[in-house]
Amino acid sequence: MSLAAYCVICCRRMGTSTPPPKSSTYWRDIRNIIKFTGSLILGGSLFITYEVLALKKSLTLDTQVIEREKMKSYIYVHTVSLDKTENHGITYQARKELHKAVRKVLATSARIFRGPFADTFSTVDIEDHDCAVWLLLRKSRSDDRAARLQAVQEMSEARHWHDYQYRIIAQACDMRTLTGLARSKDSDLRFFLRPPPLPSLKEDSSTEEELRHLLASLPQTDLDECIQCFTALALSESSQSLAAQKGGLWCFGGNGLPYAESFGEVPSATVEMFCLEALVKHSEIPTHCDKIEANGGLQLLQRLYQLHKDCPKVQRNIMRILGNMALNEHLHSTIVRSGWVSILAEAIKSQHVMEASHAARTLANLDRETVPDKYHDGVYVLHPQYRTSQPIKADVLFIHGLMGAAFKTWRQQDNDQDLTEKVSEDETKYTTCWPKSWLARDCPALRIISVEYDTSLSDWRARCPTERKSIAFRSNELLRKLRAAGVGDRPVVWVSHSMGGLLVKKMLLEASKKPEMNTIINNTRGIIFYSVPHHGSHLAEYSVNIRYLLFPSLEVKELSKDSPALKTLQDDFLEFAKDKNFQVLSFVETLPTYIGSMIKLHVVPLDSADLGLGDLIPVDVNHLNICKPKKKDAFLYQRTLQFIRDALAKDLEN
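Cut-off values and rules
- Residues numbered from 1 in each chain as written.
- Predicted model: local features only at pLDDT ≥ 70, side-chain atom pairs only at ≥ 80, totals over all residues.
- Heavy atoms only, no water.
- UniProt positions renumbered as here; feature names shortened; annotations may be inferred.
- Buried < 20%, exposed > 50% of the residue type's maximum accessible area, 1.4 Å probe, protein only.
- Helix = DSSP H or I, 4+ residues; strand = E, 2+ residues; numbered from the N terminus.
- Pairing = 2+ DSSP bridges.
- Axes fitted to C-alpha atoms, helices over the stretch in contact; angles between N-to-C directions.
- Left-handed = near helix turned anticlockwise from the far one by under 90°.
- Contact = heavy atoms within 4.5 Å.
- Nonpolar A, V, L, I, M, F, W, Y, C, P; charged D, E, K, R; others polar.
- Phe/Tyr/Trp six-rings, centres within 6.5 Å; stacked < 30°, edge-to-face > 60°.

Under an unreviewed UniProt entry, the name given to the chain is Protein SERAC1, and the organism recorded is Bos mutus grunniens. As stated in UniProt under Sequence similarities (unreviewed entry), the record for the chain gives "Belongs to the SERAC1 family."

Some remarks on the pairing of strand β3 (residues 446-451)
With six of six residues buried, β3 is to be regarded as a mostly interior element. Going residue by residue along β3, you find Leu-446, Ile-448 and Ser-450 tucked away on one face and Arg-447, Ile-449 and Val-451 tucked away on the opposite face as well. Two elements, strand β1 (residues 379-383) and β3, share four bridges in a ladder whose sense is antiparallel. For Tyr-380, the partnering residue across the bridge sits in β3 and is Ser-450. As judged from the six bridges shared by strand β2 (residues 394-399) and β3, these two strands associate in the parallel manner. Within β3, the position partnered with Phe-398 by the bridge is Ser-450.

Let's talk about the packing of helix α14 (residues 297-307) against helix α17 (residues 340-347)
Remark: α14 packs on α17, axes separated minimally by 11 Å, with the N-to-C direction vectors making an angle of 40°. Both α14 and α17 take part in a crossing whose hand is left-handed. Each of Leu-298, Leu-301, Gln-302 and Tyr-305 in α14 lies in contact with α17, whose residues at this interface are Trp-340, Ile-343 and Ala-347. Counted by class, the contact of α14 with α17 contains six nonpolar, one polar and no charged residues.

Regarding the packing of aromatic side chains
Evaluated as defined, the whole model comprises 14 aromatic pairs. Where Tyr-530 meets Phe-587, the ring centres are 5.2 Å apart and the plane angle is 15°; that geometry is what we call stacked. You can see Tyr-530 sitting in strand β5 (residues 524-530) and its partner Phe-587 sitting in strand β6 (residues 583-589), a full 57 residues away along the chain. Take Tyr-530 and Phe-587: they sit in the same class, and that class is buried.

And the structure:
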C-alpha cells in the first residue's frame, strides 16, 4: 500500500508543478521515471520473493514422514482443506493464481526438456528420482506396440528401485503391462500386488460344498458322454461325502469304487479331485467358462489353490481350468482383477517343470500383446516360457505314448523299475525334462511344445469308463489343438514315443486331406520315432496281469499285431511319404520291459519298429527308457540333437 501511495504522490507532483527551465526539466523527468520504475520493480520483486518463500514454507514437509509414506501401498491424490475460511480472501485468490502460473511454467519446461506426461498422470506431483517410473508407465500405455514392449522390458530389468516404486507400478499399470511383467523372466515379484481378500464362506458351508454347488450350477445338457460321466461321478461322491460329514454313513455302492481304490486318502480331498476333473472338462466349453466366472469360480479356485499348496495334483487341475478360461479373451480382465496374475507370476518361476509349464500356458493365453496363438488343454510350451527377443525359427513337438505324459516321458533315465510302479508313481516327483533343460539351451531359436492326452492300458483303469477314443479320434483332436497353437506356421520336427508315433502319422495323413492344414505338411522337416510299433505289438495279447490287462483298452487293441487299422495306417503313410521331402529317424529297444513282477516283454520288436523309411538304430535299453537319455552326452540325446539340427539347418541359418 505504501508503495502505491508513493507512486500516486509522485505523479501528482509532476502534473501540478510549474514548468521549470527547459534544460532542467528533461533530466528531472528522467529521474522521476527512474524512481517510479525502480520502485515498481523493487516492490514487485519483494512481493514475488515473499510469495515464493510463503509457497516453499507451505510445501515444506517432514522428510521422514515422506519416506515412511512412500513405503506404503498408496496412490497419492490432491486434497482440499476442509476449513472454508482458508478458501476466501484476496491473499488466497492471489496465491491460487500465482500457483497456477508456476504450474504452467513447470508444465511448459517439462514439455521442452522431458516430454509431456499423459493426461492420466498430468496431475501427479513427481519428484526427480520418480520421474523415470511415471515415464515408463506413460510409455507402457502408448499407442505404439514397440514402445509398450520396450517399457515392459525396461521395467522388468529395473534393479535399483525402492520398494515403493515397484508398488507404484503394481497399482498404476494396466492389465496388458501386468501380464507382460509376469511373462518377463527377470521381473521382480514386487510388481504384483497380493490377491484381494477372498469372500467369506457361507455359514455351515465348506469349500467342498461350494465346489459341488459350482459344478451343479453348470449346464448338464448337450454334453458328451465323458463330461456327463465326470460330472455325475463328482456330484454323487460329493453327496456321499457331505452326508458322512453330517453324521451319515459311507456308502460304497454305485459309483463308489474310486473311494475303495483310495480308501486311505482324505475323503474331502478325493471328492475335490473328482469335482476339479469334472470342471476341467466343463471349462473346455466357452459358455460354461462364463458360468464358472459368474458363480464365483475364480475366487473359489483361488481358495482351493491356497488350501492345497502341498497337493500338486489339485493345483495342476486348477491351473488347467484357469488356462482353459484364459482362452476366452472377454474373461481376461476378470482373471486379472481376481489376483491370479500374481499367483501365476510366482508359479512360472518354479523349479518344478509341471508347475512352471501350467502357469506359462495360462499366462501365454492371457498375453495377447505378444502371443497370437492359443494353447488348449494338453498343449504346453517348454521353451520359450517367457517373453524373449530371440526370434523363433522352428517348432519341435514331443508326443508321448501309451501311459505317458507331457513331462515325465521326457525325463532323464532313472533306475530301472517295473511298469506297474511307473504307472502308479506320483508324476510330480519327476521334474527333470531334457527337452526343456538341454534342447532349449542347445537350440534357443526353437519353440519346444509337449503334448499330453489321457490313455489307459485297460478299461478297468480308464479315467472315463465311457471314453473309447481311437487313434483316429485322438489325432483329429490333437491336430485341431496344435493348429490353434500356430503349429504349421514354421518348420516342424516331430518327436514321438510308442503310440505317439502312430498319432503323428495319422495327424499328417489327416492334415493332407484338409486344405487349411496344408501348411503343417509343407513345413514338416523331419520325424523321430522312439520304438513306435508300426506293425503292432504283443502287449494286447498278454492278459496275465489281471489288474491292467483283463479288459484291454481300445488303444491297446489297436496296437495288436493283427489290427487292420494299424495295417491301413502303415500302408497309407508310406504312400503319402514317398514323395515328401522330410527326413525320418527311428530308434528301437533291444531289452525287454518288466510288466508287473512276472512278465518280461519285448514291447516293440525290431521288425515292428522298422517304418520302411529313414534310418533304424537299435539301442540297448528297454521300452520305457528308449526316450530317456542317461546324460546330455549320451548317444540317444546327441543323435537326436544332430538330427534336429540337420533337418532344420537351412531354416535355422536364415
